[in-house]
Amino acid sequence: MSTIVSRLDITQIFWDVDDFCNQWQSLWQQVPQLPSTKGERRSQSRMHLSEVMTIVIAFHGSGYKTFKEFYTLHVLQSWRGAFPNLVSYTRFVELMPWCLMLLCCFLHTRTGEITGISFIDSTPINVCHNCRAHSHKVFKGLVKWGKNSVGWHFGFKLHLIINDCGELLAFSLTPANVDDRKPVPDMTKDLIGKLFGDRGYISQKLFEELYERGLQLVTKSKKKMKNRLVKLIDKILLRKRAVIESVNDHLKNICQIEHSRHRSPFNFLVNLIAGLAAYTYLPKKPSIDIYPKDLPALPPAIF
């Protein structure tokens, strides 16, 4: 038995996932289905999708480096009492793509509260080492080359929006060569208040589009841009923008949303979505405390 202790409350995860799946199933049965052959039998795995989803999410807080190690050394040996219908590792990998749609829907129920203060950033999701990009075939036609301040990378780009408590508000996955500003309008449809980003989000057109919807985009100025008046609270929050980079670090190093061992685009998406869902269950998330109680000497006008 492994001595690694999970960072997540597995019981709470299964409770939430199973409740969500039961509600989904009752709704799905009311929707007309495609015509089927008379007498056709629909086969079903002995493991319920809620069990598959729970195990996949639990991996991202387990501390194990590979899912195979987690499933064979921990799940099969220690969790048979909780999951009596466990299947072999090979069969479980075959079941994972079937829970992708439900995982995506479940993740949308785990988004945080809109507080009026949001941070946006993107982070690369590499699918292989750069030196093997020319021979990579699993994601052929789906990934591109991209470049950021660190250098070139081959894969996808994950766009995130969080609130000041570190909770996920929106996310989007694009090829690595997509401009950071492109998915912003769709990701911010329900947001209000202020959105803080780096210099990569500077755009007059984007600013005006968001401002008309009640969302103010605040970014740092480039060196060649003219000086403009900025409220002191906005300057303070711009300095706190690093909180979303801490979230990216948690997602990659704790929730393990990035690795180069994928053999299927569907299992890649399951790993990514499950990692984001696992992050929402972390007991401690990167956050900031910026409320006026910490700034008693500043006049209300700056807010």
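Conventions and cut-offs
Sequence order as written defines residue numbering, which begins from 1 separately in each chain. Predicted model: local features are reported for residues with pLDDT of at least 70 only, side-chain atom pairs are reported and counted for 80 or more only, and whole-chain, interface and lining totals are derived from all residues. As a rule here, side-chain values cover all heavy atoms of the structure and leave hydrogens and water aside. By definition here, a salt bridge exists when the distance from a side-chain nitrogen of Lys or Arg to a carboxyl oxygen of Asp or Glu is within 4 Å. The helix count covers DSSP runs of H or I at least four residues long, the strand count covers runs of E at least two residues long, and both are numbered beginning at the N terminus. With a 1.4 Å probe rolled over the protein chains alone, any residue whose accessible area is under 20% of its type maximum counts as buried; one over 50% counts as exposed, and the rest are partly exposed. For a helix, the expected span equals 1.5 Å multiplied by the residue count minus one. In this description, one arc is meant: the one made by directions from the helix axis to the C-beta atoms. For this analysis, a polar contact is any N or O atom pair within 3.5 Å, provided that within protein one partner can donate a hydrogen and the other can accept it, and provided that sequence-adjacent residues contribute only side-chain to side-chain pairs. Nonpolar cores are built from buried Ala, Val, Leu, Ile, Met, Phe, Trp, Tyr and Cys residues. Side-chain atoms within 4.5 Å join them into one set. Residue contacts are defined here by distance: any two heavy atoms, one from each residue, within 4.5 Å place the two residues in contact. Axis definition: a line fitted to C-alpha atoms, limited for helices to the stretch in contact. Angles are taken between N-to-C directions and run from 0 to 180 degrees. Every angle not falling under 35 degrees, over 145, or within 65 to 115 is termed oblique; those three ranges are roughly parallel, roughly antiparallel and roughly perpendicular. Handedness of a helix crossing follows the sense of rotation of the near helix relative to the far helix, less than a right angle counterclockwise being left-handed and clockwise being right-handed.

Enquirer: Could you clarify how one ought to interpret the pattern of salt bridges in this entry?
Expert: Applying the stated criterion across every chain yields a total of eight salt bridges. Residue Asp-16 is joined to Arg-110 by a salt bridge in which the shortest nitrogen-to-oxygen separation is 3.9 Å. In this pair, Asp-16 is assigned in helix 1 (residues 10-28) and Arg-110 in the loop between helix 5 (100-108) and strand 1 (117-126), connecting sequence segments 94 residues apart. One salt bridge connects Asp-234 with Lys-194, and the closest N-O pair in it is separated by 2.7 Å. Taken together, the residues Asp-234 in helix 8 (residues 232-239) and Lys-194 in strand 5 (residues 193-197) connect sequence positions 40 residues apart. Note on accessibility: Asp-234 and Lys-194 belong to one class, buried.

Enquirer: How should I be thinking about helix 1 in this particular structure?
Expert: One turn of an α-helix holds 3.6 residues; hence residues three or four places apart share an orientation. Taking 1.5 Å of rise per residue, the 19 residues of helix 1 would be expected to cover 27 Å, and the 26 Å separating its terminal C-alpha atoms lies within 8% of that figure. When helix 1 is considered as a whole, its buried residues turn out to be Ile-10, Ile-13, Asp-16, Val-17, Phe-20 and Cys-21. Seen from one end, helix 1 has its buried residues packed into an arc of 135°, which puts them on one side. Exposed residues lying more than 90 degrees from the buried face of helix 1 are Thr-11 and Trp-15. For helix 1, the capping residue at the N-terminal end is Asp-9, with a side-chain oxygen 3.3 Å from the backbone nitrogen of Thr-11.

Enquirer: Help me out: how do you make sense of the nonpolar core in this one?
Expert: As a rule of thumb, nonpolar side chains are buried together in soluble globular proteins. Of all hydrophobic cores here, the largest spans 69 residues; its most connected members are Ile-55, Ile-57, Phe-70, Phe-92 and Phe-119. Once residues lying within four places of it in the same chain are set aside, the contact partners of Ile-55 are Met-47, Phe-67, Phe-70, Tyr-71, Val-75, Trp-79, Phe-83, Leu-86 and Phe-92. Counting residues in hydrophobic clusters, the runner-up holds 13 residues, among them Ile-120, Leu-169, Tyr-201 and Leu-206.

Enquirer: Please explain the packing of helix 9 (residues 242-253) against helix 10 (residues 265-280) as it appears in this structure.
Expert: Axes are the key here: two packed helices are described by the angle between their axes and the distance separating the axes. At their nearest, the axes of helix 9 and helix 10 sit 10 Å apart, and the two run at 120° to each other. By the angle between their directions, the pair helix 9 and helix 10 is classed as oblique. The crossing of helix 9 and helix 10 is right-handed. Here helix 9 contributes Val-247, His-250 and Leu-251 to the contact with helix 10, which in turn contributes Gly-275, Leu-276 and Tyr-279.

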